[in-house]
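As a plain string of letters, each chain reads:
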Amino acid sequence: AQKITQTQPGMFVQEKEAVTLDCTYDTSDPSYGLFWYKQPSSGEMIFLIYQGSYDQQNATEGRYSLNFQKARKSANLVISASQLGDSAMYFCAMKNYGQNFVFGPGTRLSVLP
Amino acid sequence: EAGVTQSPTHLIKTRGQQATLRCSPISGHTSVYWYQQALGLGLQFLLWYDEGEERNRGNFPPRFSGRQFPNYSSELNVNALELEDSALYLCASSFVSTSTDTQYFGPGTRLTVL
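The present account deals with the structure reproduced in this document. Predicted model, so just to flag it, every value in this text is computed and none were measured. (Residues numbered from 1 in each chain as written. Chains lettered and ligands numbered in written order. Predicted model: local features only at pLDDT ≥ 70, side-chain atom pairs only at ≥ 80, totals over all residues. Heavy atoms only, no water.)

### What about the interface of chain A and chain B?
Moving on, step 1. Taken residue by residue, the interface counts 22 residues in chain A and 22 residues in chain B.
Moving on, step 2. Taken together, the connections running from chain A to chain B amount to 3 residue pairs in polar contact (both at pLDDT 80 or more).
Moving on, step 3. Ranked by residue count, the leading element in the side of chain A that touches chain B is strand E5 (residues 32–39) of chain A, at 5 residues.
Moving on, step 4. The class makeup of the residues in the side of chain A that touches chain B is 11 nonpolar, 9 polar and 2 charged. (Contact = heavy atoms within 4.5 Å. Polar contact = N/O pair within 3.5 Å; in protein donor to acceptor, adjacent residues only side chain to side chain. Helix = DSSP H or I, 4+ residues; strand = E, 2+ residues; numbered from the N terminus. Nonpolar A, V, L, I, M, F, W, Y, C, P; charged D, E, K, R; others polar.)

So this is what it looks like as structure tokens:
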């Protein structure tokens, strides 16, 4: 069965510093997609970044990058130059073909001024 | 391009009543997903519709039901409301149900059961 694990319930980071949010996954399918979403206090889920299981390079989107280590089944999100507006819940998710998305429990990131 | 829309934004009901939540996907998207998020908790998968068919449902009782219309919009119905149904209900849509598509979320409907 597919499963996403996020072992950090909460994280603190100083403004302008980089932070890594951990995500490990479990699947037996060779084809899958990995996603990160941000949920501010307003409640809306915002798509951040995507990584395909066959992608050779790590995905990057502005200040977000995904550290994809396929053999270790990890897909950590790296946020560079943290901003106060980055304070939010962050969810890692996985999608296999023909199946619904599976979400992790989330990590609450707090950016300190 | 308009994003996923949900209505109403807030809904207040009393125990035993029925609630109907609506979702309009991004134009061109055929898959719609429903999630329940209780306060301070993660997302619990409720239902997945694709091309008008129910593809999968989460571990919820039958009083949670829904449908997808020919224009791909969707409706979530919750019958015999209980206090623990109070939550944020999120709808998401995607283009095709492959492993590479991306799910985009609406702003959610906050349901309060008194």
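### Some words on the state of the cysteines
Moving on, step 1. The full count for this structure, using the stated rule, is 2 disulfides over all chains.
Moving on, step 2. A sulfur-sulfur distance of 2.0 Å marks the disulfide that ties Cys23(A) to Cys92(A). Given an S-S torsion of about -65°, the disulfide between Cys23(A) and Cys92(A) has left-handed geometry. Placement of the pair is Cys23(A) in the loop between strand E3 (19–21) and strand E4 (24–26) and Cys92(A) in strand E10 (residues 88–96), with a sequence separation of 69 residues.
Moving on, step 3. Note on Cys92(A): relative accessible area 0%, which makes it buried.
Moving on, step 4. Disulfide partner of Cys23(B): Cys91(B), at an S-S distance of 1.8 Å. Linking Cys23(B) and Cys91(B), the disulfide has an S-S dihedral of approximately -60° and is accordingly described as left-handed. With a gap of 68 residues between them, Cys23(B) in strand E3 (residues 19–24) and Cys91(B) in strand E9 (residues 87–94) connect regions that are remote in the sequence. (Disulfide = S-S within 2.5 Å. Buried < 20%, exposed > 50% of the residue type's maximum accessible area, 1.4 Å probe, protein only.)

### Digging into the nonpolar core
Moving on, step 1. One finds Tyr25(A), Trp36(A), Ile49(A), Leu77(A), Tyr90(A) and Leu109(A) to be the most contacted residues of the largest nonpolar core, which totals 24 residues.
Moving on, step 2. Contributing elements (two or more residues each) for this core: E3, E5, strand E6 (46–52), strand E8 (64–69), strand E9 (74–79), E10 and strand E12 (107–112) of chain A.
Moving on, step 3. Considering each element in turn, this core owes the most residues, 4 residues, to E10(A).
Moving on, step 4. Leu109(A) has contacts with Met11(A), Val13(A), Val19(A), Leu21(A), Ile79(A), Asp86(A), Ser87(A), Ala88(A) and Tyr90(A), leaving out every residue within four places of it along the chain.
Moving on, step 5. With 21 residues, the next largest nonpolar core counts Val32(B), Leu47(B), Ala87(B) and Leu111(B) among its residues. (Core = buried A, V, L, I, M, F, W, Y, C linked by side-chain atoms within 4.5 Å.)

### Some thoughts on the pairing of strand E4 (residues 31–37) of chain B
Residue and element names in this part refer to chain B.
Moving on, step 1. Of all 7 residues making up E4, 7 are buried, and the element is well covered by its neighbours.
Moving on, step 2. Taken together, the 6 bridges between E4 and strand E5 (residues 44–50) define a ladder with antiparallel strand orientation. Residue Tyr35 lies in a different strand from E5, and its bridge partner there is Phe45.
Moving on, step 3. Hairpin connection of E4 to E5: 6 residues between the antiparallel strands, including Gly40 at a positive phi of 80°.
Moving on, step 4. Sheet topology note: the E4/E9 ladder contains 7 bridges and is antiparallel. Across the sheet, Tyr35 pairs through a bridge with Leu90, a residue of E9. (Pairing = 2+ DSSP bridges.)

These results come straight from atomic positions and should not be treated as a statement about function.
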